[in-house]
Amino acid sequence: MGKTEIQNPGSDQMEARLADRLSRLRVDHGWSLEELAGRTGVSRSTLSRLERMEISPTATLLNRLCAAYGRTMSQLLAEVESEPPQVVRADQQTVWRDETSGFVRRSVSPPHPGLRGELVEGVLRPGADISYDRPPIPGLEQHLWVLEGILQVGTGETLHEVRAGDCLRFRLWDRSRFHCPGPDPARYALVIVLP
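Residues numbered from 1 in each chain as written. Predicted model: local features only at pLDDT ≥ 70, side-chain atom pairs only at ≥ 80, totals over all residues. Heavy atoms only, no water.

Asks: How should the pattern of salt bridges be read in this particular structure?
Replies: Side-chain pairs of opposite charge can arise whenever the charged atoms involved come near each other. Taken as a whole, this structure holds 15 salt bridges when the rule is applied. Glu-34 is the salt-bridge partner of Arg-44, the closest N and O atoms lying 2.6 Å from each other. You can see Arg-44 sitting in helix 3 (residues 44-51) and its partner Glu-34 sitting in helix 2 (residues 33-40), a full 10 residues away along the chain. Under the relative-accessibility criterion, Arg-44 is labelled partly exposed at 41%. The shortest N-O distance in the salt bridge between Arg-175 and Glu-157 comes to 2.5 Å. In this pair, Arg-175 sits in the loop between strand 9 (167-172) and strand 10 (176-179) while Glu-157 sits in the loop between strand 7 (150-155) and strand 8 (158-163), placing the two residues 18 residues apart along the sequence. The class of Arg-175 is partly exposed, set by a relative accessible area of 37%. (Salt bridge = Lys/Arg side-chain N within 4 Å of Asp/Glu carboxyl O. Helix = DSSP H or I, 4+ residues; strand = E, 2+ residues; numbered from the N terminus. Buried < 20%, exposed > 50% of the residue type's maximum accessible area, 1.4 Å probe, protein only.)

Right, here's the structure in full:
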């Protein structure tokens, strides 16, 4: 099984801050590991190992935790970074890899106080298939622009095939799925706007 990793300057420190933030969020909500497991469908032992930094989270696991805490993935990752600068240089953009699912996520314009939008670059390798059972925040507005390849996007019961140059706009209320049928990787820009 592949390893999920976050890469940027101070990657180990960021993973430690992420594990600490997840632990503090659980405590702030007054939830035991058992209660969080019930809310997310993730085992107590996995949650415990995640908080102790023994494992790195997958995209699906982070999405479930974000949904329980009412945050987008970008908001959670921004909470473990220092104050984001006005100009986000390419070498300072957080790159997160989920080798298990074949997903690479670059936070091009991370969340910032006073701003409702963020910009993410995603890359899915051919055959990659990621499913989320619910949105982190119901009604989350998304604009997905495919830059290269083909991406199949499921929103609730609807499946869209989006090709290079196409843009898919939607509000996310239900489950979602992102699949790259190949033969080439799918690279896309995703604008996320909080409700």
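Asks: Honestly, the packing of aromatic side chains in this entry has me stumped. Any pointers?
Replies: Under the counting rule described, the total for this entry stands at 3 aromatic pairs. Ring geometry for Trp-96 versus Phe-103: centroids 6.3 Å apart, planes at 80 degrees, classification edge-to-face. On the basis of relative accessible area, Trp-96 is assigned to the buried category, the value being 1%. Classification of Phe-103 by relative accessible area gives buried; the value is 5%. When the centroid spacing of 6.2 Å and the interplanar angle of 70 degrees are considered together, the rings of Tyr-132 and Phe-178 count as edge-to-face. With Tyr-132 in strand 5 (residues 129-132) and Phe-178 in strand 10, the pair connects residues that are 46 residues apart, well separated along the chain. Under the relative-accessibility criterion, Phe-178 is labelled buried at 9%. (Phe/Tyr/Trp six-rings, centres within 6.5 Å; stacked < 30°, edge-to-face > 60°.)

Asks: What am I meant to see in helix 3 here?
Replies: The α-helix advances 3.6 residues per turn, and as a result positions three or four apart in sequence lie on the same side. Residues of helix 3 that are buried include every one of Leu-47, Ser-48, Leu-50 and Glu-51, and no others. Projected down its long axis, helix 3 carries its buried residues within an arc of 160 degrees, all on one side. Backbone geometry just after helix 3 places Met-53 at a positive phi near 65 degrees. (Arc of directions from axis to C-beta.)

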